[in-house]
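Close look at the chain arrangement
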Amino acid sequence: MINLIRQLGRQTLSLVQEAGRMQLFLLEALGLFFIPPYRPRSIIKQLQFIGVRSSSIILLTGAFTGMVLGLQGFYTLRKYGSEGALGSAVALSLVRELGPVLTALMVSGRAGSAITAEIGIMRITEQLDALDTMAINPMQYVVMPKIIAGLLAVPLLTAIFNVIGIWGGYLVGVVLLGVSSGSYFSGMVQSVESLDVNGGIVKSLVFGLTIMLVACYKGYYTARGAEGVSRATTQTVVLSAVLVLGWDYILTSFFM
Amino acid sequence: MIRIVDLSRTFNGHAVLDGINLEILQGEITVIIGKSGVGKSVLLKHIIGLLKPDRGQVLIEGQDITKARGADLKALKQRFAYLFQNGALFDSLTVFENVAFPLREKTKLPEAEIISRTKERLAQVALSQEVENKYPDELSGGMKKRVALARALIQEPEIILFDEPVTGLDPPMTNTVFHLITKTHQASGYTALIVSHDIPEIFGIADHVAMLHKGRIIAYGSPDEIQRETNPVVQHFIQGEPDFLEE
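Residues numbered from 1 in each chain as written. Chains lettered and ligands numbered in written order. Predicted model: local features only at pLDDT ≥ 70, side-chain atom pairs only at ≥ 80, totals over all residues. Heavy atoms only, no water.

**Notes on the overall build of chain A**
Along chain A, the regular secondary structure elements total nine helices and zero strands. Reading chain A from its N end, one meets helices and strands in the order α-α-α-α-α-α-α-α-α. Approximately 12600 Å² of chain A is accessible, and the part contributed by carbon and sulfur atoms is 69%. (Helix = DSSP H or I, 4+ residues; strand = E, 2+ residues; numbered from the N terminus. Areas by Shrake-Rupley, 256 points an atom, 1.4 Å probe, with all protein chains shown as cover.)

**Side note on the nonpolar core**
In this structure, Ile50(A), Ile2(B), Ile4(B), Ile47(B), Phe80(B) and Leu161(B) are the most contacted members of the largest nonpolar core, which totals 91 residues. Looking at this core, the element that brings in the most residues is helix α6 (residues 138-176) of chain A, giving 14 residues. Ile29(B), Leu89(B), Val125(B) and Leu180(B) belong to the second largest nonpolar core, which has 47 residues in total. (Core = buried A, V, L, I, M, F, W, Y, C linked by side-chain atoms within 4.5 Å. Buried < 20%, exposed > 50% of the residue type's maximum accessible area, 1.4 Å probe, protein only.)

**Let's talk about the pattern of salt bridges**
Considering all chains together, one arrives at 22 salt bridges over all chains under this definition. Salt-bridge contacts for Lys40(B) lead to Glu164(B); the nearest nitrogen and oxygen are separated by 3.9 Å. Taken together, the residues Lys40(B) in helix α1 (residues 40-47) and Glu164(B) in the loop between β7 (159-163) and α6 (171-188) connect sequence positions 124 residues apart. The exposure classification of Lys40(B) matches that of Glu164(B), with both residues buried. One continuous salt-bridge network, built from bridges that share partners, spans Glu18(A), Arg21(A) and Lys218(A). (Salt bridge = Lys/Arg side-chain N within 4 Å of Asp/Glu carboxyl O.)

**Topic: the pairing of strand β1 (residues 2-11) of chain B**
Residue and element names in this part refer to chain B. Examined bridge by bridge, β1 and strand β2 (residues 14-24) share eight bridges and lie antiparallel to one another. Pairing of Ile4 across the sheet is with Leu22, part of β2. Where β1 folds back onto β2 in an antiparallel hairpin, the turn is made up of two residues, including Asn12, whose phi is positive at roughly 50°. Alignment of β1 against strand β4 (residues 55-60), held across five bridges, turns out to be antiparallel. Opposite Ile4, over in β4, you have Val58 as the bridge partner. (Pairing = 2+ DSSP bridges.)

**Overview of the environment of Gln23(A)**
Residues and elements named next belong to chain A. With respect to the helices and strands, Gln23 occurs in helix α1 (residues 2-32). With a relative accessible area of 54%, Gln23 lands in the exposed category. In sequence terms Gln23 and Tyr217 are 194 residues apart; their C-alpha atoms lie 9.9 Å from each other.

**Let's talk about the packing of helix α3 (residues 55-79) of chain A against α6(A)**
All names here are of chain A. Taken N-terminus to C-terminus, the directions of α3 and α6 make an angle of 40°; their axes are 6 Å apart at the nearest point. The orientation of α3 relative to α6 falls into the category oblique. Here the hand of the crossing between α3 and α6 comes out right-handed. Here Ser55, Ile58, Leu59, Thr61, Gly62, Ala63, Thr65, Gly66, Met67, Gly70 and Leu71 of α3 lie close against α6, whose contacting residues are Leu157, Ile160, Phe161, Ile164, Gly165, Gly168, Gly169, Leu171 and Val172. A class-by-class count of the residues in the contact of α3 with α6 yields 11 nonpolar, nine polar and no charged. (Axes fitted to C-alpha atoms, helices over the stretch in contact; angles between N-to-C directions. Parallel < 35°, antiparallel > 145°, perpendicular 65-115°, else oblique. Left-handed = near helix turned anticlockwise from the far one by under 90°. Contact = heavy atoms within 4.5 Å. Nonpolar A, V, L, I, M, F, W, Y, C, P; charged D, E, K, R; others polar.)

**Brief notes about the sheet that holds strand β3 (residues 29-33) of chain B**
Residue and element names in this part refer to chain B. Reading across from one edge, β6-β7-β8-β3-β9-β10 is the order of the six strands in this open sheet, with mixed pairing throughout. Two strands close off the open sheet at either side, each with one partner strand: β6 (80-83) and β10 (216-221). Ignoring strand direction, the axes of neighbouring strands in this sheet form an average angle of 15°. Of the strand pairs in this sheet, β3 and strand β8 (residues 191-195) are connected by four bridges, and their pairing is parallel.

**Examining the interface of chain A and chain B**
Taken together, the contact pairs 14 residues of chain A with 20 residues of chain B. Roughly 1500 Å² is buried in total at the junction of chain A and chain B, and carbon and sulfur atoms are behind 58% of that figure. One can count three salt bridges joining chain A with chain B. Note that Glu126(A) and Lys45(B) form a salt bridge whose closest N and O atoms lie 2.8 Å from each other. (Buried area = accessible area lost by both parts, 1.4 Å probe.)

**Section: helix α5 (residues 141-154) of chain B**
Over its 14 residues, α5(B) runs 20 Å from end to end, which matches the ideal 20 Å to within 8%, given 1.5 Å per residue. Among the residues of α5(B), Gly142(B), Lys145(B), Arg146(B), Val147(B), Ala148(B), Leu149(B), Ala150(B), Arg151(B), Ala152(B), Leu153(B) and Ile154(B) are the ones counted as buried. Along its buried surface, α5(B) packs onto α5 (127-133) of chain A together with β6, α3 (95-106), α4 (111-124), β7 and α6 of chain B. Positive phi shows up at Glu156(B), right after α5(B), with a value of about 45°. (Expected span 1.5 Å × (residues − 1).)

Here it is, written out as structure tokens:
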């Protein structure tokens with residue numbers, strides 16, 4: 001029993017230490033954004049990698065999510081004779097919850113894992129050390145541009161996800177199932193408030209930061225060769241998903 | 001001159017460096033020999049400040065790199081170049097971009113000047129124009145070492161640390177790399193510290209040789225002095241006797 005408690009205590013301490021190290025890592029990376037060289041080209045390159053190259057998967061998932069919401073919403077609302085509220089149901093679900101969360105999960109799976117693998121391989125092949133020996137800070141050269149780009153890209157991708165999702169709901173609800181186009185959009189305009197939109201933006205900012213932090217941190221501290229890279233990549237996807245869902249609950253409780 | 005004073009570092013309770021004292025003379029080629037896994041690369045990483053010791057100093061012209069922080073550490077690192085065992089070339093950049101990288105990142109030279117200097121360094125290490133646009137994974141081991149040497153030289157450093165520059169190369173390529181090191185050393189006059197266990201090749205290029213064993217420098221001298229050294233551990237290593245005979 002005592003061993004069990006000891007083990008539990010040790011694991012808790014290690015978890016707290018890891019969280020502390022991650023926070024210091026984040027602060028260092030963000031602080032380097034304000035110190036020259038500013039590396040705008042690297043940030044743009046990462047925006048292209050995290051943002052532009054994730055857009056097709058975001059378009060696809062956004063469209064299907066909106067279509068499913070349209071379908072589910074229509075049959076649920078029809079029971080109460082409120083098909084006209086379909087637009088607001090789709091929009092609120094997307095803007096408040098599904099847009100930020102699903103975008104974050106998609107970015108984590110596509111870009112987060114790739115970033116961990118990239119930085120992890122740089123670590124095990126001593127490319128990060130090579131930068132250090134040239135008096136180039138690897139945190140500033142490799143990590144900072146990715147974190148800043150993630151912070152900018154995820155809210156933009158979320159906005160795209162929301163718009164496409166709303167049109168997906170329109171396609172199913174209005175075009176296929178016959179809900180009036182006017183009520184679809186007027187319901188949306190009446191029910192979606194600025195607090196909902198702002199809440200969604202804040203969530204996507206936090207999620208973007210979280211995904212990039214986890215991806216860069218896990219890659220930066222990769223050890224033990226190819227197996228280490230594989231483990232770090234898996235940890236990135238799992239930890240990012242758990243943290244995104246955890247943050248989602250905390251932030252939702254603030255905005256409700 | 002680099003002076004290492006009482007340098008110690010323990011990993012997981014095992015003392016890898018246990019009170020190293022060594023002087024590396026300016027403009028000379030010093031070679032550190034020793035068995036694999038004895039801590040030679042760890043020593044190099046302490047000298048350039050990649051690792052911090054538990055105890056001791058690494059004095060570069062009197063400045064302790066183990067205590068230096070921020071701008072001081074950056075200024076000290078700028079005096080060095082480091083040639084990694086596997087080259088540590090940036091795999092997303094071509095050969096040309098790898099060699100030009102330090103100039104593009106650390107200087108404000110015009111692009112024409114960067115191109116001219118990069119081509120000059122590539123020619124110096126006998127790499128033809130055909131390899132300029134290749135990526136590191138398309139190169140042989142010997143070519144990677146030469147690209148890494150060109151990248152180290154383009155920084156025009158005062159000190160170059162070579163971590164096993166010929167490991168894994170065939171004998172002709174080993175001689176080529178050692179020849180390039182001596183040739184560029186004569187041309188640039190940098191201080192070279194080479195970690196290697198390539199006996200007897202290193203005796204042909206070294207001004208001084210130090211042997212690292214069980215975390216300490218157990219022998220230091222000119223190549224002739226080291227070859228005449230009476231310490232059985234040194235002789236055992238130089239003669240390449242199988243390890244079980246030491247027991």
